[in-house]
Amino acid sequence: MTSKSIRKEVYFYTKPIHLLTDDSIIEEEFSEKKYVTFDRAQETMAMNKPELFFGLHMVASPNGIYYYRRYAKFAEILAEVNGLATMFLVVMTFCIEPIQKY
């Protein structure tokens, strides 16, 4: 067997990444950014097709990775602050009531 009958093939696999971001402060408005990243590589040696010496293949995966970024909205922050303030007032009421009796 001679080296002319051996064919080397290299496969580069890529994977799409979808980044969904909620950009708005008050309402939900999603924007999408798409990226392609390297997934893996694979080398094979083939004994067929002696007319070709080297084969390079780029394969895109149909299954992507989805990332969701969602930031807190203004109304959610106000609701949490209101809940903390209410809890603080209830605790202070129970702490001050025994002091007022004296």
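Residues numbered from 1 in each chain as written. Predicted model: local features only at pLDDT ≥ 70, side-chain atom pairs only at ≥ 80, totals over all residues. Heavy atoms only, no water.

Right, let's talk about the overall build of the protein chain for a bit. Summing up its helical and strand segments, the protein chain has one helix and four strands in all. Overall, the protein chain shows an N-to-C arrangement of helices and strands of β-β-β-β-α. By the compact-globule yardstick of 13 Å for 102 residues, the protein chain is too spread out, its C-alpha radius of gyration being 31 Å. Based on the C-alpha atoms only, the size of the protein chain along its principal axes is roughly 105 × 30 × 10 Å. For the protein chain, the residues scored as buried account for 16% of the 102 residues in total. Carbon and sulfur atoms make up 64% of the accessible area of the protein chain, which totals about 8,700 Å². Counting 12 positive and 13 negative side-chain charges, the protein chain places the centres of these two groups 12 Å from one another. (Helix = DSSP H or I, 4+ residues; strand = E, 2+ residues; numbered from the N terminus. Rg over C-alpha atoms; globule rule 2.2 N^0.38 Å. Buried < 20%, exposed > 50% of the residue type's maximum accessible area, 1.4 Å probe, protein only. Areas by Shrake-Rupley, 256 points an atom, 1.4 Å probe, with all protein chains shown as cover. Lys, Arg positive; Asp, Glu negative; His and termini not counted. Charge placed at Lys NZ, Arg CZ, Asp CG, Glu CD.)

Moving on, we come to a nonpolar patch on the surface. A grouping of I25, I26, F74 and L78 is seen on the molecular surface, where their side chains present a nonpolar patch of about 460 Å² in accessible area. The topology assignment puts I25 in the loop between β1 (7–22) and β2 (30–46). (Patch = residues over 30% accessible without salt bridge, like charges linked within 9 Å, V, L, I, M, F, W, Y side chains within 5 Å. Salt bridge = Lys/Arg side-chain N within 4 Å of Asp/Glu carboxyl O.)

Let's shift gears to the confidence of the model for the protein chain. On average, residues of the protein chain score 84 in pLDDT, and 93% of them reach the 70 mark or higher. When the elements of the protein chain are averaged for pLDDT, strand β3 (residues 54–60) gives the smallest value, 85, and β1 the largest, 90. (pLDDT = per-residue confidence, 0-100.)

What follows covers the packing of aromatic side chains. For the structure on display, the rule yields two aromatic pairs. Judged by centre distance (6.3 Å) and plane angle (20°), the rings of Y11 and Y13 are stacked. For Y11, a relative accessible area of 22% puts it in the partly exposed group. Accessibility expressed as a relative area gives 16% for Y13, which makes it buried. (Phe/Tyr/Trp six-rings, centres within 6.5 Å; stacked < 30°, edge-to-face > 60°.)

Let us look at the pattern of salt bridges. A full pass over the atoms with the stated rule returns five salt bridges. One salt bridge connects E28 with R70, and the closest N-O pair in it is separated by 3.5 Å. Taken together, the residues E28 in the loop between β1 and β2 and R70 in the loop between β4 (65–69) and α1 (74–101) connect sequence positions 42 residues apart. Assessed through its relative accessible area of 45%, R70 is described here as partly exposed. If you follow the salt bridges from partner to partner, you end up with E28, R70 and E76 in one network.

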